[in-house]
Amino acid sequence: MIVDAHVHVAHLARLKVSWETWIGPAGDAAAWAAMYDDDGAPIPARVSEYFAGEGVDRVLMFCEYSPKATGWQTVEDVLPIVEHDPQRFRIVANVNPHVHHPVARELDRQLDHGAVALKIHPVHAGVAPNDRELYPAYARCVERGVPVIVHTGPSFFPGATSKHGDPVLMDDVMRDFPELVVILAHGGRGWSYDAAASLALTRDNVWLDLAGLPPKRLPTYYAAFGMERIAAKSIFGTDSPAASPARNVAAVRDLGLPEHLADALLGGNAARVFPGL
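Cut-offs and rules
- Each chain has its residues counted from 1, running along the sequence as written.
- In keeping with the model being predicted, local features are shown solely for residues with a pLDDT of at least 70 and side-chain atom pairs are shown and tallied solely at 80 or more, while totals for entire chains, interfaces and linings include all residues.
- Derived side-chain values reflect all non-hydrogen atoms in the structure, with water molecules and hydrogen atoms excluded from consideration.
- In this analysis, axes come from line fits to C-alpha atoms, helices being fitted only over the stretch in contact, and the angle between any two N-to-C directions falls in the range 0 to 180 degrees.
- Each helix is a run of DSSP H or I of at least 4 residues and each strand a run of E of at least 2, with the numbering of both proceeding from the N terminus.
- An angle below 35 degrees is treated as roughly parallel, one above 145 as roughly antiparallel, one from 65 to 115 as roughly perpendicular, and anything else as oblique.
- By the definition used in this description, the sense in which the near helix is turned from the far one sets the handedness, with an anticlockwise turn below a right angle giving left-handed and a clockwise turn giving right-handed.
- Note on contacts: a residue pair is in contact if any heavy atoms of the two residues lie within 4.5 Å.
- Under the scheme applied here, ten amino acids are nonpolar (Ala, Val, Leu, Ile, Met, Phe, Trp, Tyr, Cys and Pro), four are charged (Asp, Glu, Lys and Arg), and all others, including Gly, are polar.
- Strands qualify as paired when DSSP identifies two bridges or more between them.
- Nonpolar core, defined: a set of buried Ala, Val, Leu, Ile, Met, Phe, Trp, Tyr and Cys residues in which side-chain atoms within 4.5 Å join the residues together.
- For the exposure calls, accessible area comes from a 1.4 Å probe over protein chains only, and a residue counts as buried if that area is under 20% of its type's maximum, exposed if over 50%, partly exposed in between.
- Aromatic pairs are defined between Phe, Tyr and Trp rings, using the six-membered ring for Trp, whenever the two ring centres lie within 6.5 Å; interplanar angles under 30 degrees are classed as stacked, those over 60 as edge-to-face, and all others as tilted.
- The criterion is that NZ of a Lys, or CZ of an Arg, lies within 6 Å of the ring centre and within 35 degrees of the ring normal, and then a charge sits over that ring.
- Here the term cavity refers to a set of points on a 1 Å grid, laid over the protein atoms alone, in which a 1.4 Å probe fits but cannot get out; the term pocket refers to an open set having protein on both sides within 12 Å along at least five of seven lines, with lining residues being those that place an atom within 4 Å of a point.
- Grid points are joined across faces, edges and corners, and a volume is the space filled by probe spheres set on the points.
- This arc is built from the directions going out from the helix axis to the C-beta atoms.

Per an unreviewed UniProt entry, the protein chain is named Amidohydrolase family protein, and its organism is Actinomycetospora termitidis.

Given below as structure tokens:
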């Protein structure tokens, strides 16, 4: 089973950034443009056909409420995609204490829509991941048995606050919520690969999400730890529309990992971490 655990299917009318910025230099702009109607809403059948054609069996679509940086990717915008293809697609919730109060109530609302995880985007939201305003959301995740995905590393979108992407800030959260399952999105991208990897390799309930990282460069990024150790604690994701799932899956296969570790990275680990896959 191939799981793309990090995908953004935004409503184009609610994006703050330009289409070119959103897609990025490695995204397939033509393929993604064909998935939208004239109002900028994603067309569920075309989104499903795209990921099926890319060989992806499960897709985790992120919500994001970040008016300072990227705009709005609401849970309501992606629900039609899940309704069209409930086997392939799942929702990942998002709360922002600058937008939602109380955060636990909003998290419950999104979880009740079927979300299988919570995404915290401190860099785009403008709040540190260990801010006490987020603690009720973390507590609710423990109660309801869902993991938390936290953006790590910088973001270059206007309005982002990259200092909040330091994975070490999650040490406070993991101390205060020892039962919380945490996924460090982008694996510490940029200036904190070592910190993110150290947290994941020393804690049973911490994982890396490798979305947005070119697979062929992973052995270099994590040279101090060894790619086999990293693969055992990592989850595949593309940060689509910024990358092609099929191309990245092939690149992971080309890393020369033992088959069981490549399979774990591409889907098995996600099936362990996210409920209901």
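More follows now that the structure is in view.
### A look at the packing of helix α12 (residues 245-253) against helix α13 (residues 259-273)
Look at α12 against α13: their axes get within 10 Å of each other, and the N-to-C directions meet at 155°. Here α12 is positioned roughly antiparallel relative to α13, judged by the angle of their axes. Where α12 crosses over α13, the handedness of that crossing is right-handed. Taking contact as the criterion, the partners of V249, V252 and R253 in α12 are, on α13, A262, D263, L265 and L266. Across the contact of α12 with α13, the residue classes tally to 5 nonpolar, no polar and 2 charged.

### A word on the sheet that holds strand β5 (residues 89-94)
On the basis of which strands lie adjacent, the open sheet formed by 8 strands has the order β1-β2-β5-β6-β7-β8-β9-β10 and parallel pairing. A strand with exactly one partner marks an edge of an open sheet, and here the two such strands are β1 (3-7) and β10 (234-235). When strand β8 (residues 182-185) meets strand β9 (residues 206-209), the two strands line up parallel, connected through 4 bridges. Pairing of A185 across the sheet is with D209, part of β9. The sheet contacts of helix α4 (residues 75-84) involve β2 (58-62) and β5, and relative to β5 the element is tilted by about 170°. The strands that helix α9 (residues 193-202) touches are β8 and β9; relative to β9, the one it contacts most, it runs at about 140°.

### Structural notes on the nonpolar core
By size, the foremost hydrophobic cluster in this structure holds 71 residues, and its most contacted members are F51, L118, Y138 and Y222. Residues in contact with Y222, not counting those within four places in the same chain, are H186, G187, Y193, A197, L208, L210, L213 and I230.

### Focus on the packing of aromatic side chains
Under the criterion given, the structure shown has 12 aromatic pairs. Aromatic side chains Y193 and Y221 sit 4.5 Å apart centroid to centroid with 10° between the ring planes, which places their arrangement in the stacked category. Of the two residues, Y193 sits in helix α9 while Y221 sits in helix α10 (residues 218-221), which places them 28 residues apart along the sequence. For the pair Y193 and Y221, one class covers both residues: buried. Here the aromatic residues W32, Y50, F51 and F89 are joined through ring pairs into a cluster of three or more. The ring of W207 carries K233 above its face, with NZ or CZ at 5.1 Å from the centroid.

### Focus: the layout of surface pockets
Of the pockets and cavities examined, the largest pocket occupies roughly 820 Å³. In this structure, the largest pocket is lined by 33 residues; those nearest its centre are P25, R189, G212, D239 and A242. Broken down by secondary-structure element, the contributors of at least two residues to the lining of the largest pocket are α1 (19-23) and α12. Residue composition of the lining of the largest pocket, by class: 14 nonpolar, 13 polar and 6 charged.

### Observations concerning α12
Of the residues making up α12, those classed as buried are P245, N248, V249 and V252. Relative to the axis of α12, the buried residues are bounded by an arc of 105° and lie together on one face. Where the residues of α12 are buried, they touch β1, α3 (44-53) and α13.

### Some words on unusual backbone geometry
Residue H101 is joined to P102 through a cis peptide bond whose omega torsion reads -5°. Within the secondary structure layout, P102 lies in the loop between β5 and α5 (103-112). Even without being glycine, H186 reaches a positive phi, approximately 70°. By the element assignment, H186 lies in the loop between β8 and α9.

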